[in-house]
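# Architecture and fold: a report
Residues per chain, in single letters:
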Amino acid sequence: MIGVLALQGGFERHRAVFESLRKESREVRTVGDLELCGALVIPGGESTVITRQLMKPGTGPGTGASYEPGPLWKAIRDFIESGKPVMGTCAGLIMLARSCGDERVASFGALPVDVERNAYGRQKDSFVEQVALEFGSDSPFGREKENRAPFPATFIRAPMITGLGEGVAVLARSRRFLSGEQTEGTPILARYDNILGLSFHPELNPEDSRIHRYFLGMTRE
Ligand code: GLN
């Protein structure tokens, strides 16, 4: 069973993609929900809002008390540590990153990347970029031809990956803000063990389900 964290944000569209792939999913709002799942998606939305819902009320910036994680935050952290696959898109990437430079976000620190919130611009600057997926020849679903088709990546107030830790595999890059000596493009899809983090929203282009299928492949590894 695939769980989709449903505290806030774009969880329904992720579930629709899984449904189109005939894969059962459920909304996760409690520790009990999560216990029924073998994989988890943390959707886009607003990472500060998602954080507030996962923390004990009355703790965190502005309250005078430091953050105290609530039961679901701890359960998700344990879920990640147990090695079950987790995919974070956009705000979900921020929740998984090791740092985002914003004290209002209590991320899980599971994906060794640094991100900068909203670095691809504001809502009105949203864009779709055709990007290459670099799943490689051992891609669990891939016929080679399918792997080479560009993927329409939708960016909405997206976080930028600004630093990569050791052992993080980059599976797609954006060429939107190439600067100076940089020729490679900015990482936008990163994998580290059981964790997949994306700057963009694959669930908004459901006609191309390769990324969701790749994630389902991770549940079978
Ligand atoms: N800007 C949002 C954040 O910082 C993420 C945007 C999104 O998920 N589309 O949480």
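Values in this document were obtained by computation on a predicted structure and should not be read as measured data.

Turning to the overall build of the protein chain, a few remarks are in order. Helix and strand counts for the protein chain come out as seven helices and twelve strands. Compactness check: the protein chain gives a C-alpha radius of gyration of 17 Å against a globular reference of 17 Å for 221 residues, within 12% of the reference. Taking the principal axes of its C-alpha atoms as reference, the protein chain extends roughly 50 × 45 × 35 Å. Within the protein chain, buried positions represent 41% of all 221 residues. Considering only contacts within the protein chain whose residues lie at least 6 apart along the sequence, 66% involve residues at least 24 apart.

Here the focus is the UniProt feature "binding site: L-glutamine" (unreviewed entry) in the protein chain. Following the UniProt record, one finds the feature "binding site: L-glutamine" (unreviewed entry) at G45, E46, S47, R117, I156 and R157. These residues run over 113 residues, yet every pair of their C-alpha atoms falls within 13.1 Å of each other. Locating E46 in the fold gives a position in the loop between strand 3 (39-42) and helix 3 (47-54). Under the C-beta neighbour-count criterion, E46 is labelled partly exposed, with 16 such atoms within 10 Å. Among residues more than four places away in sequence, those in contact with E46 are Q8, G9 and A91.

This paragraph deals with the nonpolar core. Grouped together as the largest cluster of nonpolar side chains are 59 residues, with contacts concentrated most on L40, I76, I94, L96, A97, V115 and I188. Setting aside residues up to four positions removed in sequence, I188 forms contacts with V131, A153, I161, A172, R173, S174, L198, S199 and F200.

Time to look at the sheet that holds strand 2 (residues 25-28). Spatially, 2-1-3-4-12-11-10 is the arrangement adopted by the seven strands of the open sheet, whose pairing is mixed. Two strands in the sheet have a free side with no partner beyond their single neighbour: strand 2 and strand 10 (169-174). Adjacent strand axes in the sheet meet at a mean angle of 20° when their direction is disregarded. Both strand 11 (residues 186-192) and strand 12 (residues 195-198) contribute to a ladder of four bridges, which runs antiparallel.

Once that is clear, we can look at helix 7 (residues 210-218). Along an α-helix, residues three or four positions apart point the same way, because every turn accommodates 3.6 residues. When we look at burial in helix 7, the residues that qualify are I211, H212, Y214 and F215. Within helix 7, the buried residues cover an arc of 155° as seen down the axis, which keeps them to one side. In this structure, the buried side of helix 7 is in contact with helix 1 (11-20), strand 4 (86-89) and strand 12.

A few words on the environment of Y214. Mapped onto the secondary structure, Y214 falls in helix 7. When the C-alpha atoms of Y214 and L196 are compared, they prove to be 9.8 Å apart, with 18 residues separating the residues in sequence.

With that settled, the discussion passes to the UniProt feature "active site" (unreviewed entry) in the protein chain. UniProt feature "active site" (unreviewed entry): in the numbering of this structure it lies at C90, H201 and E203. A compact arrangement is adopted by the annotated residues: their sequence extent is 114 residues, whereas the largest C-alpha distance between any two is 11.0 Å. Within the secondary structure, H201 is located in the loop between strand 12 and helix 7. H201 sits in the buried class, given 23 other C-beta atoms within 10 Å. With near-sequence residues (within four places) excluded, H201 lies in contact with G10, G44, T89, C90, T154 and I156. Note that E203 resides in the loop between strand 12 and helix 7. In this structure, E203 is in contact with G10, R13, H14, V17 and T89, ignoring residues within four places of it in sequence.

What follows is about unusual backbone geometry. Not every positive phi belongs to a glycine, and C90 is a case in point at roughly 60°. With respect to the helices and strands, C90 occurs in the loop between strand 4 and helix 5 (91-96). With 31 C-beta atoms counted inside 10 Å, the residue C90 sits in the buried group. Positive phi is not limited to glycine here, since R157 has a value of about 45°. Topologically, R157 is positioned in the loop between strand 8 (151-155) and strand 9 (160-164).

What counts as what
- Residues numbered from 1 in each chain as written.
- Predicted model: local features only at pLDDT ≥ 70, side-chain atom pairs only at ≥ 80, totals over all residues.
- Helix = DSSP H or I, 4+ residues; strand = E, 2+ residues; numbered from the N terminus.
- Rg over C-alpha atoms; globule rule 2.2 N^0.38 Å.
- Buried ≥ 20, exposed ≤ 12 C-beta atoms within 10 Å, placed from the backbone.
- Contact = placed C-beta atoms within 7 Å.
- UniProt positions renumbered as here; feature names shortened; annotations may be inferred.
- Core = buried A, V, L, I, M, F, W, Y, C linked by C-beta atoms within 7 Å.
- Pairing = 2+ DSSP bridges.
- Axes fitted to C-alpha atoms, helices over the stretch in contact; angles between N-to-C directions.
- Arc of directions from axis to C-beta.

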